[in-house]
Amino acid sequence: MKARILLIFLLGLGLLAGNSCSKEESPSTLLKISLTDAPAEYDEVNVDIQQLTVLTERGWKTLSTRANIYNLTILSGTDVLLASGRVPEGHISKIRIVFGHRNSLVINETVHPLELALPSEDGLIIDLDDHALAAGTRMNLILDFDAGESVIPPVLSGTNYVLKPKIRVIAVGHREGNIKGTIDPLQARPYIKAESRTGSYSTYAGPSGFFTLRALPSGMYKVNFYPKPPYAPRTLDSVIVKEGQTTDIGKMHFYYRGRETQ
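Computed from a predicted structure; not experimentally measured. (Residues numbered from 1 in each chain as written. Predicted model: local features only at pLDDT ≥ 70, side-chain atom pairs only at ≥ 80, totals over all residues. Heavy atoms only, no water.)

S.K.: Can you walk me through the packing of aromatic side chains in this structure?
M.R.: By convention here, two paired aromatic rings are described through the distance between centres and the angle between planes. Here the structure, examined in full by the defined rule, presents six aromatic pairs. Seen in terms of ring centroids, F211 and F225 are 5.9 Å apart; in terms of plane orientation they differ by 75°. Their pairing is edge-to-face. With F211 in strand 19 (residues 210–216) and F225 in strand 20 (residues 219–226), the pair connects residues that are 14 residues apart, well separated along the chain. Using a relative accessible area of 1% as the deciding quantity, one classes F211 as buried. The buried category is assigned to F225, whose relative accessible area is 0%. (Phe/Tyr/Trp six-rings, centres within 6.5 Å; stacked < 30°, edge-to-face > 60°. Helix = DSSP H or I, 4+ residues; strand = E, 2+ residues; numbered from the N terminus. Buried < 20%, exposed > 50% of the residue type's maximum accessible area, 1.4 Å probe, protein only.)

S.K.: Help me understand unusual backbone geometry in this model?
M.R.: Negative phi values dominate among residues other than glycine, just as trans dominates among peptide bonds. Residue P185 is reached from D184 by a cis peptide bond, and omega for that bond is 0°. By the element assignment, P185 lies in the loop between strand 16 (177–184) and strand 17 (191–196). P229 connects to P230 through a cis peptide bond whose omega is 5°. Residue position: P230 is located in the loop between strand 20 and strand 21 (234–241). With phi around 70°, E109 is a residue other than glycine that occupies positive phi space. Tracing the chain through its elements places E109 in the loop between strand 8 (104–107) and strand 9 (110–113). Of note, S238 is a non-glycine position whose phi angle comes to about 60°, a positive value. Mapped onto the elements of the fold, S238 is located in strand 21.

S.K.: Is there a simple way to explain the sheet that holds strand 19 in this structure?
M.R.: Strand pairing in a sheet takes place through backbone hydrogen bonds and is either antiparallel or parallel in direction. An order of 19-16-22 is seen for the three strands of this open sheet, with the pairing classed as mixed. In this open sheet, the two edge strands, each paired with only one partner strand, are strand 19 and strand 22 (246–253). Each neighbouring strand pair of the sheet contributes to a mean axis angle of 15°, computed without reference to strand direction. When strand 16 meets strand 22, the two strands line up parallel, connected through six bridges. (Pairing = 2+ DSSP bridges. Axes fitted to C-alpha atoms, helices over the stretch in contact; angles between N-to-C directions.)

S.K.: What exactly am I supposed to notice about the sheet that holds strand 1 (residues 28–37) here?
M.R.: With mixed pairing, the five strands of this open sheet are ordered in space as 4-6-1-12-15. Where the open sheet ends on each side, the last strands, each with one partner, are strand 4 (64–65) and strand 15 (167–171). Note: strand 1 against strand 6 (residues 80–88), eight bridges, orientation antiparallel. Paired with I33 across the strands is A83, a residue of strand 6.

S.K.: In this structure, what is going on with the layout of surface pockets? I would like to understand it.
M.R.: Over the atoms rolls a probe the size of a water molecule, and in doing so it shows where empty space is left. Considering only enclosed or pocket space, the second largest pocket measures out at about 320 Å³ in volume. Contributing to the lining of the second largest pocket are 15 residues, with D129, H131, R168, V169 and E176 lying nearest its centre. Of all the elements in the fold, those that place two or more residues in the lining of the second largest pocket are strand 11 (124–133) and strand 15. Class assignment for the residues of the lining of the second largest pocket results in nine nonpolar, two polar and four charged. (1 Å grid on protein atoms, 1.4 Å probe; cavity = no way out; pocket = protein on both sides within 12 Å on 5 of 7 lines; lining within 4 Å. Points joined across faces, edges and corners; volume = space filled by probe spheres on them. Nonpolar A, V, L, I, M, F, W, Y, C, P; charged D, E, K, R; others polar.)

S.K.: Hey, could you run me through the confidence of the model for the protein in this one?
M.R.: Predicted coordinates in areas of low pLDDT are best not read in detail. Here the protein shows a mean pLDDT of 85. Residues at 70 or above account for 86%. When the elements of the protein are averaged for pLDDT, helix 1 (residues 2–24) gives the smallest value, 47, and strand 4 the largest, 98. The model gives residues 6–11 a pLDDT under 50, and that stretch makes zero contacts with residues more than four places away or in other chains. Note on residues 13–23: pLDDT under 50 across the span, and zero contacts to partners over four residues away in sequence or across chains. (pLDDT = per-residue confidence, 0-100. Contact = heavy atoms within 4.5 Å.)

S.K.: Sorry, what's going on with the environment of D79 here?
M.R.: With respect to the helices and strands, D79 occurs in the loop between strand 5 (68–71) and strand 6. Between the C-alpha atom of D79 and that of T36, which follows or precedes it by 43 residues, the distance is 4.9 Å. Once residues within four sequence positions are removed from consideration, D79 is found in contact with S34, L35, T36, I142 and R214. Side chain to side chain, D79 and T36 meet in a polar contact 3.3 Å long. (Polar contact = N/O pair within 3.5 Å; in protein donor to acceptor, adjacent residues only side chain to side chain.)

S.K.: When you look at the side chain of D146 in this model, what are you seeing that I'm missing?
M.R.: As for its placement among the helices and strands, D146 is situated in the loop between strand 12 (138–145) and helix 2 (147–150). The side chain of D146 is buried and forms no salt bridge, while K166, the nearest opposite charge, is found at 4.9 Å. (Lys, Arg positive; Asp, Glu negative; His and termini not counted. Salt bridge = Lys/Arg side-chain N within 4 Å of Asp/Glu carboxyl O.)

S.K.: What exactly am I supposed to notice about the environment of G90 here?
M.R.: Within the secondary structure, G90 is located in strand 7 (residues 90–99). Along the primary structure G90 and E57 are separated by 33 residues, whereas in three dimensions their C-alpha atoms are 6.5 Å apart. When neighbours within four sequence positions are excluded, G90 is seen to be in contact with E57, H131, A132 and L133.

This is the structure:
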C-alpha cells in the first residue's frame, strides 16, 4: 500500500515538472528596442524614459528598460539600446513608453523645463503595424524620436516649452530606403522634410552638414529645405526612393534670399 502511494506521488511530481517545463519552453522571441534621433536646432533635448511595455497576443509585457535621461541631440546617426526582453511569439500591436518628469531643454546654455503633454496618464502608446514575432529569432525595433517636431515653444503653447513626443517606429531589416546628402554652407542648417503619399518624414542637418532620412517607404518624394535666415529655402521634386537602397542627392547649396539658388 505504501509503495502504491509512493508511486502515485512520484507520478504526480512528474506531471508537475512536465507542465513546468512546457511553460518554460513556450515559443518566445528576443525583442530589443533602441532609441535614435535626427539633429535638432536645440543644444540639448533631454527626455526622461522610465519604462517600456509591449502589447502581445497574450497581453502587456514589461521589458527590461534602461531607465535614464537621454539627450536626443547626441543620438544623430547612432542608436542606443533602450529596452529588451523575451516576449511570446505572435504579433505585437502597441508599444507603451512611460516618461518621468525630469525632461528639459537647453538653449544657449540656459536650461528650460519641458512640460510633458501626453494623451494618457499611462504613458505614450504607439500603434504598430502588427509586427510578427517568430519563435527562436530576434527582432530589433528603433524608436526614431523627432526632437524638432516634439518640442512646442512658448509662442505656440501659450505657456512654457512643452514636450509632445513624436516618435516613428522602424523595424530593422525591413526593406525601406533612405535619402542622404550634405549641406553647404553649414550655417544654413536647414530643417529638412520629405513628403509623399505615405506621409512626411523630417530631420535636420548635423554639425558636419550631413543628413539622412531613414527607413522611408519606397516611392516618389518632394524634399523641402527650410534653412536659417538669411538663406532662401529650396525644394527638390521627384526624388525616388527604392527598397533597400539609399538615394544620394549630393550637396545642397544655399544662398541669401534674392540671389539665384541653382
